[in-house]
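If you want the building blocks of each chain, they are given just below.
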Amino acid sequence: MLFPQLIKANLKTTYIGHDIQYYQRLPSTNLEAFELIETNNAYDGTVIITDQQFQGKGTKNRSWFASPGKAVTFSIILKPNISVNHSGLLALGTGVATAQAIKKIGCMPTLKWPNDILLSKKKCGGILFETRVRKEMIIWAIVGIGINVNEQKKDLPEELQSKATTLASEKGSPVQRELLVAWTLNSLESLINTLKKGEINKVKEAWLGLCDHLEESVTFELNGKKRNGLFLGINDNGSALIKTKDDRIVVSAEEISLQLS
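Keep in mind it's a predicted model, so treat the numbers as computed, not measured. (Residues numbered from 1 in each chain as written. Predicted model: local features only at pLDDT ≥ 70, side-chain atom pairs only at ≥ 80, totals over all residues. Heavy atoms only, no water.)

**Let's talk about a nonpolar patch on the surface**
Here is step 1 of the chain: Judged by side-chain polarity, M1, F3 and L6 come together as a nonpolar surface patch covering roughly 300 Å² of accessible area.
Here is step 2 of the chain: Tracing the backbone through its elements, the reader meets F3 in the segment before α1 (4-9). (Patch = residues over 30% accessible without salt bridge, like charges linked within 9 Å, V, L, I, M, F, W, Y side chains within 5 Å. Areas by Shrake-Rupley, 256 points an atom, 1.4 Å probe, with all protein chains shown as cover. Salt bridge = Lys/Arg side-chain N within 4 Å of Asp/Glu carboxyl O. Helix = DSSP H or I, 4+ residues; strand = E, 2+ residues; numbered from the N terminus.)

Here it is as structure tokens:
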């Protein structure tokens, strides 16, 4: 069982996480967050967290596995008041914040564009970023974070055991989940403030410093065709810059699915 008061005791934020709504079991924390928005019960910085998410999803509606009582699955409701052009950077910044928290527990994470968190080249977590937009401004953002924390390899589905891992497996000991959540929220608020101040390059540099595949070959599908290229980095919108044999292209997370070669 997760203890919201223990999360709050480790917060250094001014607004994120001051309202934590805990559920023992939920289909999806992102869906619950949207329900709060649609019923006018949402507040900037509210966190929805559950011990068992049984209909979790990642990008492009991929399913997400999380062991009850061992993983962390939570969503943050934000009113970031930033341009929709910077939504990609906010999503990437969430990955940075999560990686910074994981570093504090003694692991060395890297990031795969746009939303995967890796340990030892294997996925241990991911980000699902969804927005409500009005007049080119993000009026609501839902940041969903899932991290496999205290599972052992045998707890993961057999088809994932060769390409996924957990924090406890890499660290060699259990991790206090509440502390991990609090540290993630602390880092996320700091990164949001950086974006609001227009310091885009700081967020870009932080993400690039954690990128697992900078200037390495990647495979991706674009317009139904599989292609190869060199991952050069990201632009000010958080889109990927890729050099192919023919040209240099700029693609968003909605346009391609990236695989490491």
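**Digging into the state of the cysteines**
Here is step 1 of the chain: Per the counting criterion, the structure on display carries 0 disulfides.
Here is step 2 of the chain: Of all cysteine sulfurs in the structure, the one in C107 sits closest to C124, which takes part in no disulfide; the separation is 7.8 Å.
Here is step 3 of the chain: According to the relative accessible area criterion, C124 is buried, its value standing at 0%. (Disulfide = S-S within 2.5 Å. Buried < 20%, exposed > 50% of the residue type's maximum accessible area, 1.4 Å probe, protein only.)

**Focus on the environment of A168**
Here is step 1 of the chain: You can see A168 is positioned in helix α4 (residues 167-171).
Here is step 2 of the chain: Take A168: its relative accessible area is 5%, and that puts it in the buried class.
Here is step 3 of the chain: In the structure, A168 is positioned 75 residues away from G93 in sequence and 24 Å away in space, judged by C-alpha atoms.
Here is step 4 of the chain: When near neighbours in sequence (up to four residues on either side) are disregarded, A168 contacts V149, N150, E151, Q152, S173 and P174. (Contact = heavy atoms within 4.5 Å.)

**Side note on helix α6 (residues 200-208)**
Here is step 1 of the chain: Residues of α6 that are buried include every one of I200, V203, K204 and W207, and no others. The arc that holds the buried residues of α6, viewed along the axis, is 100°, so those residues lie on one side. Projecting away from the buried face of α6 at angles above 90 degrees are the exposed residues K202 and E205.
Here is step 2 of the chain: Where α6 is buried, its residues meet α3 (87-104), β4 (110-112), α5 (177-196) and β9 (225-234). (Arc of directions from axis to C-beta.)

**Topic: the pattern of salt bridges**
Here is step 1 of the chain: Summed over all chains, the structure comprises 10 salt bridges.
Here is step 2 of the chain: Ionic pairing is found between K70 and D155, a salt bridge with its closest N-O pair at 3.1 Å. Taken as a pair, K70 in the loop between β2 (47-50) and β3 (72-78) and D155 in the loop between β7 (137-147) and α4 lie far apart in primary sequence, 85 residues in all.
Here is step 3 of the chain: Bridged by salt links that share partners, the residues K70, K154 and D155 form one connected network.

**Things to note about the side chain of E189**
Here is step 1 of the chain: Counting through the fold element by element, E189 comes out in helix α5.
Here is step 2 of the chain: As a buried residue without a salt bridge, E189 has its nearest oppositely charged side chain in K196, at a separation of 8.5 Å.
Here is step 3 of the chain: In this structure the side chain of E189 is engaged in a polar contact, spanning 3.2 Å, whose partner is the backbone nitrogen of Y15.
Here is step 4 of the chain: Polar side-chain contacts of E189 include one of 3.1 Å to the backbone nitrogen of I16.
Here is step 5 of the chain: Apart from residues lying up to four places away in sequence, E189 is in contact with T13, T14, Y15 and I16. (Lys, Arg positive; Asp, Glu negative; His and termini not counted. Polar contact = N/O pair within 3.5 Å; in protein donor to acceptor, adjacent residues only side chain to side chain.)

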